[in-house]
Amino acid sequence: DAIVSHWALPCALAAGLVRGARPHLAVLHSADVHLLYRLPLRTLWMEGLAASADELLFASTALRQKLLDTLPPLARARLAGRSHAFAMGVDPPLPTRSRRTLRKELGLDRFTVLTIGRLVPIKGIEHAIEATRTLPDAGLIVAGSGPERAALERRAHDRVRFVGEVTGLAKAELLRAADVFVLPSIELGSGRTEGTPTAALEAARAGLPIVASAIGGLSEVFDHDRSAMLVAPGEPSALREAIARIACDEALRRRLARNARTVGRRHEWSELVPRIERLLTQG
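Computed from a prediction, not measured in an experiment: that's the story for all the values here.

A. Local environment of the packing of aromatic side chains. Evaluated as defined, the whole model comprises zero aromatic pairs. Here the basic side chain of lysine 66 rests over the ring of tyrosine 37, its NZ or CZ set 4.6 Å away from the ring centre. Taking the ring centre of phenylalanine 86 as reference, the NZ or CZ of arginine 275 above it sits at 4.1 Å.

B. Molecular detail of a nonpolar patch on the surface. The grouping of Leu41, Leu44 and Trp45 at the surface amounts to a nonpolar patch, some 340 Å² of accessible area in total. Considering the arrangement of structural elements, one finds leucine 41 in the loop between α2 (30-38) and α3 (42-52). Given the relative accessible area of 62%, leucine 41 is considered exposed.

C. View of the sheet that holds strand β1 (residues 3-6). Spatially, β1-β2-β3-β4 is the arrangement adopted by the four strands of the open sheet, whose pairing is parallel. The sheet is open, and its two edges are formed by β1 and β4 (83-85), each paired on a single side. Taken pair by pair, the neighbouring strands of this sheet meet at an average axis angle of 25°, ignoring direction.

Conventions used here
- Residues numbered from 1 in each chain as written.
- Predicted model: local features only at pLDDT ≥ 70, side-chain atom pairs only at ≥ 80, totals over all residues.
- Heavy atoms only, no water.
- Phe/Tyr/Trp six-rings, centres within 6.5 Å; stacked < 30°, edge-to-face > 60°.
- Lys NZ or Arg CZ within 6 Å of the ring centre and 35° of its normal.
- Patch = residues over 30% accessible without salt bridge, like charges linked within 9 Å, V, L, I, M, F, W, Y side chains within 5 Å.
- Areas by Shrake-Rupley, 256 points an atom, 1.4 Å probe, with all protein chains shown as cover.
- Salt bridge = Lys/Arg side-chain N within 4 Å of Asp/Glu carboxyl O.
- Helix = DSSP H or I, 4+ residues; strand = E, 2+ residues; numbered from the N terminus.
- Buried < 20%, exposed > 50% of the residue type's maximum accessible area, 1.4 Å probe, protein only.
- Pairing = 2+ DSSP bridges.
- Axes fitted to C-alpha atoms, helices over the stretch in contact; angles between N-to-C directions.

Here it is in structure tokens:
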């Protein structure tokens, strides 16, 4: 009845070739926005994308604006009204065993910092390692796989644990057992930044206090010192200070967790699906 494509090149263009009379919503993430931004003749590529889809949905307002700003005024005006921005959704947390039981089974006997994501440079995991190096009472769990794992393991201290990719119940249990979630994303030398990482929204929905870089869609979704602690990207000292503050302040931990959970609920798929349906039917 309708087509929702993810990634502009090639999926959105391919969907445009087969859609027929069906409505087509093209969803763009940080990687494909960055690619479109760097392509020669990007105005022509964008015009092809615009012709293939009724509406465009960007994973963050920053990504939407970045791409629109590259276009000449007339093309920008034609596309702006069909360009929208909001993060992808998350599911409600799965029921798990008690936190005490999980921490005992996982061997968590100190303040536990958790990060989840693909182990690639943009995630800035090395900064989480450095931030916790001088926090002797804190341990770091790194969940995820990717090409940077070996290099990160070489940089790690003895309180860093790599657990590989986790999904489903295993992920829910880690989110339940941890004390704080960190996402130290950075801007790459090429200029690429994050969209709105789903892992941060999953942590929020699970009610974890969050420390994240003030970058990309993260600073759009979370309010500093209310629903998350937002720090300058690429600065392990700022990350360390925020983690230490949360570890020492139980009232702050509870407030951040409560407000993060509210943010997470707003990003459940049950809340976002009606918005997507409207984009598919408004034309």
